[in-house]
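Okay, here's what each chain looks like letter by letter:
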Amino acid sequence: MTLTLPDLPYAYDALAPYMSAETLQFHHDKHHLAYVDNGNKLVGPGSKYEGLSLERICAAAFEAKDMPVVNNVGQHYNHNHFWQWMKKGGGGNKLPGALEKLVADFGGFDKMRNDFIEAGKTQFGSGWAWLAIKDGRLVVMKTPNGENPLMHGASPILGCDVWEHSYYIDYRNARPKYLEAWFDNLVNWEHVEILAGAAR
Ligand code: MN3
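In every chain, residue numbers begin from 1 and rise along the written sequence. Only residues with pLDDT of at least 70 are given local features in this predicted model, and only at 80 or more are side-chain atom pairs given and counted; all residues enter the totals for whole chains, interfaces and linings. The basis for every side-chain value is the complete set of heavy atoms in the structure, and neither hydrogens nor water enter the calculation.

Caption draft 1: How the structure looks around the coordination of the manganese ion. Of the protein atoms, only His27 (NE2), His79 (NE2), Asp161 (OD) and His165 (NE2) coordinate the manganese ion, at distances of 1.9 to 2.1 Å. Using a 1.4 Å probe on the protein chains alone, a residue whose accessible area is under 20% of its type maximum counts as buried, one over 50% counts as exposed, and one in between counts as partly exposed. For His27, a relative accessible area of 0% puts it in the buried group. Here His165 falls in the buried class, since its relative accessible area comes to 16%. Any N, O or S atom lying within 2.8 Å of the metal counts as a donor, and for Na, K and Ca the limit rises to 3.2 Å; water is left out, so some sites can look incomplete.

Below is the structure:
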């Protein structure tokens, strides 16, 4: 398949002050583009991944321990959703109805928020914190580098990029502050709901 860089679904300055235009310009225009360009050298026509969806490529590459594809195509999938997992005026603890039961069964909103932020804080080095659906239940996960829950038998519904490129301009080394600001002010719960619906 041919990977293409999606446009951001908002202006570069839409997420300030929680995520600056400068961060989005580097993160989207440089970092995500590099994953697209590198990924296209790995999964293009003639490769063994030809004809597979992005989701299937993630799982197949991890199964095959094909780490260049895991990391570059994984990061393409992760960032496609990362842009959509944020919006101006996001966050808050009012969830769409379809998410309420999943979150209640997990132990409630506060436990979900705390566990998610803790996962992001404790991911050693570059990686992601996740909410995912596994065996019909909500789980919190963390993964290194470009890995995602698709590679671990789960369906991601929310992910926060904890690579330094996602927060260093705005928060320097304060990853916990970034995670809290991100969760409380930027999360687009409607995109989470869409993915949760598709995961059933
Ligand atoms: Mn990133």
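Continuing now.
Caption draft 2: Quick peek at helix α5 (residues 109-122). Taking 1.5 Å of rise per residue, the 14 residues of α5 would be expected to cover 20 Å, and the 20 Å separating its terminal C-alpha atoms lies within 8% of that figure. Regarding α5, the residues found buried are Phe109, Met112, Arg113, Phe116, Ile117, Ala119 and Gly120. For α5, the arc enclosing every buried residue in end-on projection is 155 degrees, short of the 170-degree limit, so these residues lie on one face. At its buried positions, α5 is contacted by α4 (97-106), β1 (127-134), β2 (137-144), β3 (155-161), α7 (175-185) and α8 (189-199). Helix numbering and strand numbering both begin at the N terminus, where a helix is a DSSP run of H or I of at least 4 residues and a strand a DSSP run of E of at least 2. By this rule the span expected of a helix is its residue count minus one, scaled by 1.5 Å. Summarising the geometry, the arc corresponds to the directions from the helix axis toward the C-beta atoms. By definition, residues are in contact when any of their heavy atoms lie within 4.5 Å.

Caption draft 3: The sheet that holds β2, seen in detail. Two strands form a pair only when DSSP identifies at least two bridges running between them. One open sheet accounts for three strands, arranged β2-β1-β3; its pairing is antiparallel. Edge positions in the open sheet fall to β2 and β3, since each of these has one partner strand only. Taking each pair of neighbouring strands and ignoring which way they run, the sheet shows an average axis angle of 25 degrees. Axis definition: a line fitted to C-alpha atoms, limited for helices to the stretch in contact. Angles are taken between N-to-C directions and run from 0 to 180 degrees.

Caption draft 4: Representation of the packing of aromatic side chains within the structure. Aromatic contacts are taken between Phe, Tyr and Trp rings whose centres are within 6.5 Å, Trp giving its six-membered ring; a plane angle under 30 degrees counts as stacked, one over 60 as edge-to-face, and the others as tilted. Following the criterion strictly, the structure yields 13 aromatic pairs and no others. Judged by centre distance (6.4 Å) and plane angle (75 degrees), the ring pair of Tyr35 and Trp163 falls under edge-to-face. Taken as a pair, Tyr35 in helix α1 (residues 21-43) and Trp163 in the loop between β3 and α6 (168-171) lie far apart in primary sequence, 128 residues in all. Given a relative accessible area of 11%, Tyr35 falls into the buried group. Through a chain of ring-to-ring contacts, three or more aromatic side chains come together here, namely Phe82, Trp83, Trp85, Phe109, Phe116, Trp128, Trp130, Trp182, Phe183 and Trp189.

Purely spatial values, then, with no claim about function.
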